[in-house]
Each structure stands twice: as structure tokens, then as C-alpha cells.
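These are the residues of each chain, in order.
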Amino acid sequence: MDPMAEIKATFFQECEEQLAELESGLLAMEGGDDGSETVNAVFRAVHSVKGGAGAFGLDDLVRFAHVFETTLDQVRSEKLAPTPELLKVMLRAADVLTDLVRAGRDGGTVDEARTEAIAAELNAFSGGEADAVADDDDGMGELDFQPLAVGVPAAPPAPEGGGWTVLFKPRADLYAKANETVLLLRELSRLGQVEVELDASALPLLPHLDPEGSYLSWTVRLTGDATEGAVREVFEWVDGDCELQVQPASGADVPEKSDAATALPGPEAGGELDIASLIAKAQEAAVADPPPAAEPTTADAPGAPASAAATPAKASANAPAAAAQAAPTIRVDLDRVDRLIDLVGELVINQAMLAQRVTEAGLARASSVAMGLDELEQLTREIQDSVMAIRAQPVKSVFQRMPRLAREVASATGKQVRLITDGEGTEVDKTVIERLADPLTHMIRNAIDHGLEKPEKRKEAGKDPEGVVRLSALHRSGRIVIEVADDGAGINRERVKQIAIDKGLIAPEAALTDEEIDNLIFMPGFSTASEISDISGRGVGMDVVKRSIQELGGRISITSRPGLGSTFTMSLPLTLAVLDGMVVSSGDQTLVAPLTAIVETLQPRSSEVHGLGGGARVISIRGSYVPLVDVGVSLGYRTEPLEPEAGVALLIEGEGGARAVLLVDAIQGQRQVVIKSLEANYRRVPGIAAATILGDGRVALILDIDALVAASRANEAPRLMQAAG
Amino acid sequence: MSLTILTVDDSRTMRDMLRLALVQAGYTVLQAEDGQHGLEVLDDATPDVIVTDINMPRLDGYGFIEGVRADDRHRTVPILVLTTESSPEKKQRARDAGATGWIVKPFNPEKLVDAIRRVAA
């Protein structure tokens, strides 16, 4: 990639980080954090975005960032108090900044009117100081450097007679700041022909000499058509640290001396003191020393490492420091990581096969082969974990989009909301993160739009008018659990049930538990919004959320307490590549049931199993009836149902807590298996989620628990309810 | 002989841009992420020129420059301040801390190299 394009990519990546920093800083300030470190971090974030944007010519972004920065600078210097009103504006400004960054990255436009409006609001707070500074900024580039590079030909002609006489007397401060007279004189010599005269008359005798004092002064006669501005420009950085006079050279003066000193003064030109010739020599040396190529082209990227390698002298001395500074991250194509994960998957399978062979060969557990294999197994497991960790990312990237969403939804619905996020550092597979954004967005919308009450209503109920939505993530038993909890009114069960009846989703006489009623909102076609708001009424309901979570191998459930709020809990696998499974057999087939779905295993008795007609059976478990799924029959491995005593039952729980019992022939054991997509390699099979390869080389199918539970419910639920009722 | 430049900036973008421009110009580049880190790098490195940002976490540019000047080994190294902040008082503050000169962002490679050339022998 073109190095500039690469840096630009880095810039946008960094912008995202800075924007996140900005937002969390502003939110912290809103929460009462007025520490200077927080304010500084917020300022730096905007400052940094502006700095990079300028380099890439993103003018709209620079302009807005500048206005924002100016306001923040006043807050930072305590000229402006971070009132709640100001913070609200700044949070919206952060949103605009985000949009501008995205527009810069992805193309597209932003709502100019909105940008202008927010900028005007910021200016109103800061007193509109930004404009003045903007002018200053714009001018700086040329002021500092232009004259040095191309100013000479373009400059207006020098006064009649040509040239300048420059009187230059450095103070000690000039040297203390590492400025060098010889370099300044060299700069001056670039403007035309110079004749340098040293005045060392102030130099004291050695005993009185302060090694850090300044005793020398110079008079430089410059011929050529340089402007006074260009001459003063040379001394810009030492302004105030020296005495400087720039006077037009008298016409007579220059020609008179010009034959004595045509270009740089030779050793004889300085006169009285050897120091003069030393300076002159230093000057010559400095000029002779080839300055680094001043016009690098961005295209010759391959040349850059070469030129760095060609100059190893200094580099080697400083190598350790440079190496310690190496970038802590690298960017790798996802394809490469996935290929690695695939290979590790193969490795796991191979190792399992090897283990099986060793067992079959009848080698003792203590034999060196078996022990070596144990080590290999452990190593394989570690490699696998490490490789998976490469794909793991903190959920922060998704979580940090939510505060903005919450603000937008809140303002569109007239609600007041505080979004609290927790556990942003929790890591999960990148694919899971990417596919989490949509369902999470929808759930936050729902929590605010449907969950929280309007401020007036909350007041009536004796609650804080500002509602709280809590978004949290944590690792629990090998899965990531994400919760969206609101402190709103909770699910209105009567209304939910009525709607479900009206829509024909349930029978009017159905006796549902509270939990079952709550779960009705996940049913396709269910929507409680009595008016279609443009927030939640986008044609997707909780059923879509549920489906997308399921597709990730996850489950979602809801708990709700009237008047106190609702909590949606999602549990997702950390990776989509491996699975802890229970290996079972059914008919002549070996199958794998995801371990996370299994609640318990039991030995069924015929007396507990009841036929419902049509081949459907239920099993009574501690007093409640659960549909019984004969896996062999369901998947077509046999036609005759298995006698309960002849098999083993797995109580499984699908999403939303729906349960079923799977009847299989036998349990072979627990094992971690590598998931191979059946769809990608064969085709979709109902009741089967994926496939894997076992240690003996056979393919085993992984059961689609949710599909099996759903199928059992679809067939038997109505009858079940009658039986229970 | 190639000069070694230490760049101190908390922005990865800016560090990358500086490195690209400087390496292409034939310099050797050392990097630090903030003032504190810059002082740590200077513990075992002696760059010929330092280019530093002002607004940085932990230790800002002013503090960093003062730290460098207080270190006998580095008191004479030229320090260029790299900043978008162009207000005179900020420049003055940087100079008071001991900065040799300044480069205003956004910079182009020529500007940068030119500024370094002005302070480096």
C-alpha cells in the first residue's frame, strides 16, 4: 500500500479511538468528573483529530474540530464552566465530529446545517473566538517556511543598491535553547552572497570567561534581492534572544568589499581573530555536509528502508531504543488468521486421531508415547486458545456506539436516559462482535422507546425522571453474557397477552406463566408499540433480534418486574470455531450436542413418558411435562421409536429457556470439537447446526438444539398446554 | 552520516507521518509516545534533533523540554516543537522551556526537513 494511504488508514483508526476517548471523557464530565486530566484528555482527543485531519486536507473536519477545540480550551483553562447545558452541546458536537470523520473516511456528506448549528452553539459558549484563531492557523504555514523555500524569486525587489546589513548579537539564552550562530549564518547565506564580520572585542580574558556566556557579535553584509522579511525570517526562532538590526546596505558598501569576499569568507576575510576563521571553516563544513534530500517523493516507499539501512552508523548505536519503540500492534489480513485457525482445527483433529490410535495399540498410559501425546494435547490446546485470542476483541467497539444511539433515541422520544456501560473490556470473537451490533442497537432502542417511561410518568411513579439503561458484558462459563437492563415500567403482561391473543399467536384460554408471557415478545409478528414510532417501528421486532442471536449460537431471555424494569440477557459463545460438545450415539450415527445447551442427563423410565397421539411424547420431570424428542426418529436414522429405558435422555434448554428432552441411545463422552460448516461444505440440513471430525476420522453431526426444541414445541405445544391446564 | 531524530507525539498518525517523511529524507528515527516516554528514550539515546508535540498525556511538551534541558547530556540538542497551536503565548511558553524552534501542523515533508536543517549542523 502507498505509505500515505496506510497512514491515512491509521489516522482513521486512531480517530475512532480518540472519538471514543472524547465521548467517555465528556460522559465522565457529565457525571461530575471535573478532574483536569479528564478535561485534558477530551481536549487532546479533539486536538489530535484536528491535527491529523489537517495533514490529509479534511477541511470540514478541521474547521469543526477547531471550533470544538476552542471551546474545550476555554473549559480547560477554566474560562468556561462545564455546565450540563454545555456538556450536552459538546456531546452532540462529538457526534457531529464522528460523522465528519466517517464522511472523511467513507466519503459521503454530513448534514451541513446540523454541523453549522452545533458550531454556532459552541461559538455561543466560547464567545466566537474560534474564527480569529482559525485565521492565525491558516497563515502559519507560509509565515514559517515559505520564504525559505521559494520566497526569493517571488519576493519584491530589494532596495536600490541591493542587500542588507545585518547586525546580530546573540544573548546567552540563544545558545541555551540550542540555537547556533553558525547555522543562522548559513541560513542567511542561502539568501544571497554574504560577507561576515566577527566582532570579538567583548571577549574577556580566559579567567573571566563564562563558558556559557555570549561575547561575540556579527555583522553580515548580504547582497542579492532578498526581502527584509526573508532576512528577519532567518532569525524568527531567536527573536528576543539576540539583538538584531536589519538595515538596507548602502550602495557603496557592497561593491567595495565584494572582491575581498565574493562568496563565503575565506580564512583571511575575518581578520583579527582565529575564531573568525574557525567559524568560517565550520560554516564551510556545514555547507559542504550534504543536507538530507529535501524532496522525498511519497511514491518511492521501497527506497525508504534502503536509505535507512544505508546509514547504519547512528542507527546501530540507537537500535535498542528504536526496537523497544516498535509498534505494539500489527495489522494482519483476517483471511490469514482464519487460515491459521483452520489449520489449528486440523491439528486438533489429527492429534485426537493419533490419541485414538495410541489407545487402540494398547500402549500403557505411562508409556513414553502416551505421555508425549499428553504433552502434545496440552500444547495443541494452548495453541488453539492463543489463535482464538488473536480473533478476540473487546466488546468496547460495539458498546461505544451505544451512548450516541441512546442520546438520539432519547431526544426523539422525549425521554431522559442515562446509559451505563460495564465490562467493555470483555473479549469475544471478532465475528461475534460484528454481528452483535445490530441486535444490540435494536435492544437499546427498545429499552428506551418501550422500556422507559416518559419523565412525567416516572415522576408520578416516584422515580428519577432520568431513566437508566445498563449495558454490561461479562464472561461466564466459557460464554459471554451481555445484558441490557432498564429501570422502566417492566413488561405489561396483560397487554402483551392480549396482543398475542388478538394476533392469534396463542389460544385465548392458554394459561401462561409470567415468564412465558414475557417471552411472547420474541415471537415473529409481535410488536407492542401502539403507534409506530420511527425509532423502534422499523419493521424489525424482538424476533429478529432473537434470530440474529441464535445464528451466533447464542440465547436470549428476558426477565421483567412490573414497575421496576426489564432485563434482556444474551449468552453467546466466545468463538464460532470450536464447541464443547457431548458426543452421543443414535442409531448407527455419532452426534454432538453442544454442552452449553444441556441442563442435565437422565435415565428415563417408561412410566414417566406419556404418549400424546400422533407419535408425540412428553416426559414428566419433577412434575412438569417436557416434550420428548427421539433424535433417531426425528433425524430419520430409524423408524421405530426408542424405548425410554433403552436410551439416555438429555434435558436441553434452547433460547428463551424453552426445554425439551432428547432421547439418544448412549453417551460416548465430552469433547471439544472443531466446527465445520455443513452449509459451506454440503448444504443446510434441518436439525443439524454443523459437522465435525472425530478422533477416529468419522464425521459427526452437531445437533441444532434450538431447531429441535422449536420443532418439538411446534408439534406438541398446544396439546401440552391443554394437558397442563 | 545520517542524523538521528527523536519524535515525541502521542498520535500514532503523527508519529507515522513524521517517520515516513524523516526516513525518506535519510534520517534515522526514534519515537516516543509522550514526554515521559521521551525522557525514558533519552536515557540511552542521543538524538541530534528532537521534534516534539505539546499536548500529550502524562508529560506534556513543555515539561518534556524542561526535562531535556535539565539533563546535561541533552541540554544542547535542538528541540523543535510540533504543534497546531500557533498563539504567540504558547510559542513563548515552549521557548521559555527551552525549545529551539517550531513547526506548525499541518506540515509537509519539505517544511519538516527544512526546519530540521535549520537547527542541525
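For the structure itself, consult the block above.
Just so you know, these numbers come straight off a predicted model, no measurement behind them.

**Student:** What's the story with the overall build of chain B in this structure? I'm lost.
**Tutor:** Of regular secondary structure, chain B possesses 5 helices and 5 strands. Secondary structure elements of chain B occur, N-terminal to C-terminal, as β-α-β-α-β-α-β-α-β-α. Among the 121 residues that make up chain B, the fraction classed as buried is 72%. Intrachain contacts of chain B at a sequence separation of at least 6 include 59% that bridge at least 24 residues.

**Student:** Would you mind showing me how to read the overall build of chain A here?
**Tutor:** Of the regular secondary structure elements, chain A holds 25 helices and 22 strands. Relative to its full complement of 725 residues, chain A shows a buried share of 35%. By sequence separation, contacts in chain A at least 24 residues apart represent 70% of the contacts at least 6 residues apart.

**Student:** Looking at this structure, how should I read the pairing of strand β10 (residues 555-561) of chain A?
**Tutor:** Each regular strand carries side chains that alternate between the two faces of the sheet. Residues and elements named next belong to chain A. With 7 bridges joining them, β10 and strand β11 (residues 565-573) adopt antiparallel strand pairing. Across the sheet, the residue bridging to R561 is G565, located in β11. Where β10 folds back on β11, the antiparallel hairpin that results is connected by 3 residues, among which G563 adopts a positive phi of roughly 85°.

**Student:** Teacher, can you tell me more about the environment of S397 of chain A here?
**Tutor:** You can see S397 of chain A is positioned in helix α16 (residues 396-399). Separated by 40 residues in the primary sequence, S397 of chain A and A437 of chain A have C-alpha atoms spaced 9.2 Å apart.

**Student:** Help me understand the sheet that holds strand β3 (residues 49-53) of chain B in this model?
**Tutor:** Adjacent strands of a sheet pair through backbone hydrogen bonds, lying either parallel or antiparallel. Residues and elements named next belong to chain B. Spatially, 5 strands are ordered β2-β1-β3-β4-β5 in an open sheet, and the strand pairing comes out parallel. With partners counted over all chains shown, the strands left at the sheet margins are β2 (28-32) and β5 (101-104), one partner each. Neighbour-to-neighbour, the strand axes of this sheet turn through a mean angle of 20°, independent of strand direction. Pairing geometry for strand β1 (residues 4-8) and β3, over 4 bridges, is parallel.

**Student:** Please explain the nonpolar core as it appears in this structure.
**Tutor:** For soluble globular proteins, nonpolar side chains are generally found buried alongside one another. With 104 residues, the main nonpolar core has L97 of chain A together with V49 and L80 of chain B as its most contacted residues. Look past the residues within four positions of L80 of chain B in its chain and what remains in contact with it is V49, V51, T100, G101, W102, I103, A115, I116 and V119 of chain B. Counting 82 residues, the second-largest nonpolar core is a separate cluster that includes L471, I482, F522 and V709 of chain A.

**Student:** Looking at this structure, I do not really get the environment of V584 of chain A. What am I missing?
**Tutor:** All names here are of chain A. In this fold, V584 is placed in strand β12 (residues 578-586). Separated by 82 residues in the primary sequence, V584 and A666 have C-alpha atoms spaced 5.7 Å apart. In contact with V584, other than residues within four places in its own chain, are L591, A593, V664, A666, I667 and Q668.

**Student:** Explain the packing of helix α3 (residues 61-69) of chain B against helix α4 (residues 88-97) of chain B here, please?
**Tutor:** Between two packed helices, both the angle of their axes relative to each other and the distance between the axes serve to describe the pair. Residues and elements named next belong to chain B. Where α3 meets α4, the axes come as close as 8 Å, and the angle between the chain directions of the two elements is 20°. One finds that α3 runs roughly parallel with respect to α4. Note that α3 runs across α4; the crossing there is right-handed. Contact with α3, carried on its side by G61, Y62, I65 and E66, involves R93, A94 and A97 of α4 and no other residues of that element. The residue inventory of the contact of α3 with α4, partitioned by class, reads 4 nonpolar, 1 polar and 2 charged.

**Student:** Would you explain helix α2 (residues 36-55) of chain A in this entry?
**Tutor:** Each α-helix turn comprises 3.6 residues. Residues three or four places apart therefore point the same way. For α2 of chain A, built from 20 residues, the straight-helix expectation of 28 Å at 1.5 Å per residue is met to within 8% by its first-to-last C-alpha distance of 28 Å. Phi turns positive one or two residues past the end of α2 of chain A, at G57 of chain A, with a value near 65°.

**Student:** Teacher, can you tell me more about the sheet that holds strand β14 (residues 598-602) of chain A here?
**Tutor:** All names here are of chain A. Pairing is mixed across the open sheet formed by 6 strands, whose spatial order is β14-β18-β19-β17-β16-β15. Strands at the two margins of the open sheet, each flanked by one partner only, are β14 and β15 (609-613). Taken over all neighbouring pairs, the strand axes of this sheet differ in orientation by 35° on average, direction set aside. Pairing geometry for strand β17 (residues 624-630) and strand β19 (residues 659-664), over 3 bridges, is parallel. Its bridge partner being in β19, V629 is matched across the sheet by L662.

**Student:** What should I look at first to understand the environment of P57 of chain B in this one?
**Tutor:** Residue placement: P57 of chain B occurs in the loop between β3 and α3. Taking the number of C-beta atoms within 10 Å as the measure of exposure, P57 of chain B has 15 and is therefore partly exposed. Between the C-alpha atom of P57 of chain B and that of D10 of chain B, which follows or precedes it by 47 residues, the distance is 7.4 Å. Excluding anything up to four places from it in sequence, P57 of chain B contacts A41 and R44 of chain A together with D10 and D34 of chain B.

Definitions and limits used
- Residues numbered from 1 in each chain as written.
- Chains lettered and ligands numbered in written order.
- Predicted model: local features only at pLDDT ≥ 70, side-chain atom pairs only at ≥ 80, totals over all residues.
- Helix = DSSP H or I, 4+ residues; strand = E, 2+ residues; numbered from the N terminus.
- Buried ≥ 20, exposed ≤ 12 C-beta atoms within 10 Å, placed from the backbone.
- Contact = placed C-beta atoms within 7 Å.
- Pairing = 2+ DSSP bridges.
- Axes fitted to C-alpha atoms, helices over the stretch in contact; angles between N-to-C directions.
- Core = buried A, V, L, I, M, F, W, Y, C linked by C-beta atoms within 7 Å.
- Parallel < 35°, antiparallel > 145°, perpendicular 65-115°, else oblique.
- Left-handed = near helix turned anticlockwise from the far one by under 90°.
- Nonpolar A, V, L, I, M, F, W, Y, C, P; charged D, E, K, R; others polar.
- Expected span 1.5 Å × (residues − 1).

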